[in-house]
Every structure is written in C-alpha cells, then in structure tokens.
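# Descriptive structure summary
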Amino acid sequence: MKEIATCIRTLRLDRQLTQAQLANELGVQYQTVSKWETGVSVPDTTMLPSIADALGVTIDELFGRKKNGCANSIPESNTAFLLQTYSQMYAPEAGPWNLSVKNKYLEYRFRDFFETHFTVPEDSQICNIGIGAGEWDTYLSYKVPKGSLTSIDMEDVCCRQLEQRLICEGNPNKITVIYADAMTLDFKEQFDIVTMVGSTAIESGDGLALLAKAISFVKVGGAIYYQSLDDKEDCNTVMLTAFQNEMSLAAFVEDNGYGFRCHYYKFEKRKRASKNINPIFENAST
Ligand SMILES: C[S@@+](CC[C@H](N)C(=O)[O-])C[C@H]1O[C@@H](n2cnc3c(N)ncnc32)[C@H](O)[C@@H]1O
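Residues numbered from 1 in each chain as written. Predicted model: local features only at pLDDT ≥ 70, side-chain atom pairs only at ≥ 80, totals over all residues.

Moving on, we come to the overall build of the chain. A count of helical and extended segments in the chain gives 12 helices and eight strands. Among the 286 residues that make up the chain, the fraction classed as buried is 36%. A separation of at least 24 residues holds for 65% of the contacts in the chain among residues at least 6 apart in sequence. (Helix = DSSP H or I, 4+ residues; strand = E, 2+ residues; numbered from the N terminus. Buried ≥ 20, exposed ≤ 12 C-beta atoms within 10 Å, placed from the backbone. Contact = placed C-beta atoms within 7 Å.)

As a further point, take the site of the ligand. As a matter of local geometry, the ligand sits amid 22 residues, with G130, G132, W136, A182 and S204 nearest to it. When residues of the shell around the ligand are traced back to their parent elements, those giving at least two are α8 (135-143), β2 (148-153) and α10 (198-204). Broken down by element, the shell around the ligand gets its largest block of residues, four residues, from α10. Class assignment of the residues belonging to the shell around the ligand gives a composition of 12 nonpolar, five polar and five charged. (Near = placed C-beta within 6 Å. Nonpolar A, V, L, I, M, F, W, Y, C, P; charged D, E, K, R; others polar.)

Before going further, it helps to spend a moment on helix α9 (residues 156-169). When the terminal C-alpha atoms of α9 are compared, their 20 Å separation across 14 residues agrees well with the 20 Å that a helix rising 1.5 Å per residue should span. A large share of α9 lies buried, amounting to 10 of its 14 residues. Buried residues of α9: C158, C159, R160, Q161, L162, E163, Q164, R165, L166 and I167, and no others. Positive backbone phi, approximately 70°, marks G170, located one or two places after α9. (Expected span 1.5 Å × (residues − 1).)

Counting buried positions over the five residues of strand β3 (residues 175-179) gives five, a clear majority of the element. Of the two faces of β3, the one lined by I175, V177 and Y179 and the one lined by T176 and I178 are each fully buried. Sheet topology places β2 next to β3; five bridges connect them, and they run parallel. Bridging across to β3, D153 finds its partner in Y179. With respect to chirality, the unit in which β2 leads through α9 into the neighbouring parallel β3 is right-handed. (Pairing = 2+ DSSP bridges. Right-handed = clockwise from strand over helix to strand, strands pointing away.)

Before going further, it helps to spend a moment on the confidence of the model for the chain. Mean pLDDT over the chain works out to 79, with 77% of the residues at or above the 70 mark. When pLDDT is averaged over each element of the chain, strand β1 (residues 125-129) comes out on top at 96 and strand β8 (residues 280-283) at the bottom at 50. Overall, residues 276-281 carries pLDDT values under 50, and its contacts beyond four positions in sequence, including any with other chains, amount to seven contacts. (pLDDT = per-residue confidence, 0-100.)

Before going further, it helps to examine the packing of helix α2 (residues 19-26) against helix α3 (residues 30-37). As a packed pair, α2 and α3 sit with axes 8 Å apart at the nearest point and diverge in direction by 110°. Between α2 and α3, the crossing angle belongs to the class labelled roughly perpendicular. The two elements α2 and α3 cross, and the hand of that crossing is right-handed. In this structure, α2 uses Q19, A20, L22 and A23 to contact α3, whose residues at the interface are Y30, T32, V33 and S34. (Axes fitted to C-alpha atoms, helices over the stretch in contact; angles between N-to-C directions. Parallel < 35°, antiparallel > 145°, perpendicular 65-115°, else oblique. Left-handed = near helix turned anticlockwise from the far one by under 90°.)

With a phi angle near 60°, Q16 is a residue other than glycine that sits in the positive phi range. When you line up the elements, Q16 lands in the loop between α1 (2-14) and α2. Assessed through the 11 C-beta atoms surrounding it within 10 Å, Q16 is described here as exposed.

Encoded structure:
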C-alpha cells in the first residue's frame, strides 16, 4: 500500500494543500492524513471517493493506476517551487538563517558536535521544533530509519519546502510535517528526543515558554537536545527552566571560531523531580 501513501502526499503537495487543509476538507484530523502518507495506516475504503474528489483525481489515479495519477513522479511544480525557495534562501535577504557559507559552516559544526556527544538510536521517535531551511530536519530523518521524525513549523513555506524536498530526495524514512504554532499545539504524542535551536526560541517571542512546551512533548526518560548561541546569563535562565520542569542536564560549550560560543544542552526528563540536580558542564572547545 506504499503506492497510495506516496500518491496522496504527492497529489496533495502538487495542489499546494497542507495536511491540515486536506484533513479539514475530508472531516478528519491532520494526524490521520499524516498516517496515510507515511504508510502507518490506509484510508478506509468508504473514504476513497472523497479523497479522490478532494485531490481532483479518479480512484484509479489515487492508486497510481493511470498516467494522470501521481505514479510516483515528481510534479514539475515541486521542483520549480524548490528552485525558487532555495534561490531565495541563498540570498542575503533571507536574513540570519539563510544558506550562506557561514551558516552552512555552523550547521556542519553542529552536526559534528552532535555526532560526538549525543546518541540517537535508529528507532528513536524524534520531534524537531522549527524547520527553517530544513537542513537539520533532513539530516535527523536519516538518523532514524527505523523510527520517525515529526517536524513542526509555523511558517507554511518552510513546511511545504521540507515536504517537497523529501519527495524529490526520495527520502524513505517516516516523516510527518506539521504546520502549526508549537506553542499552542495540542499534542497527544510524546517523543524520545525533541530538538530545538535557540534562534527558534528567539523567533517564537517567548523562548522559555516554547522550551517548557517542548519539554511537555518528551517521554519520561527521553531528552531535549537544544543548541543556542546565547550569552551566559540567558543560558542560566534556560537551565533554570529545565530544572523547574523536572529535567536533568548536561551542557557543553564550544568556541566556534566566529567570536561567539555555542551552547549545547541535553535535558533528560526524570521519572521524579529531584532537588539535587547538578548540571554537568563540559567545555568542548576544540
Ligand atoms: C532558525 S529557523 C530553524 C532552523 C532549523 N531548526 C535548523 O537548524 O536548520 C527557526 C524556525 O522556527 C520557526 N518557529 C518559530 N517559532 C515557532 C513556533 N512557536 N512554532 C513553530 N515554529 C516556530 C520559524 O518559523 C522558523 O522557520
């Protein structure tokens, strides 16, 4: 049934619909659409006519059985959209998170550091808050071929770009992209690992509230991997928020050669709150 999963996703993206918009039209929850698209479940047969209507195809085409169906092809509009958004992201106007050489350098430094200090079992259920250019999300997805990645962003364009990129890449892993404000998201699922960067916290307008919300997405025994470029005072506040939310902490600091320091944290969710939490601070300067 992989065919119908790929077809629903490809046809939906080709029609520029988010999972939530399609779900709304069908009277189901966006999680249901996400499960169809990742092959976790298949639509009930009674829903097939409505799904086909909503996507403007026949039921045969929904199964990739005619040349007008998706047939696993990459619609031209996908590649055109990706080219357009990527050329914008390489431009300086894309602001602090464009794909400049400096930012790419930081991204790869972060990956090296991550590989050294953090463990990601390949069956982990991961959630990343803040997609941006989507570089981090695609990297993470390849680390969990037997698990899953749920990526959340409040910007429609970031969600669409990641989804279309996954199709163009032929990414085989289980990824759910959620277009929502994480701060107000009513989430039932919990994850082994939640990741977030400080710039997402800053952009959200209330980073500590977003961090507290992220903590609520973590299973007991799970962890948050958080990276920030904040100064020491902000870092202390971040640590305090973690303590107050029953997390234990390992923090690493790295000089990155650009005159500021990266702070990396691993917060682990405890079974019970402890009054004797001692942060482990490790200087990872190279
Ligand atoms: C700097 S980018 C993230 C970069 C990405 N994590 C990476 O490492 O490549 C910040 C993103 O966070 C998103 N964001 C900010 N506040 C958010 C919130 N409350 N809920 C969901 N996304 C949010 C923004 O829309 C933006 O795309």
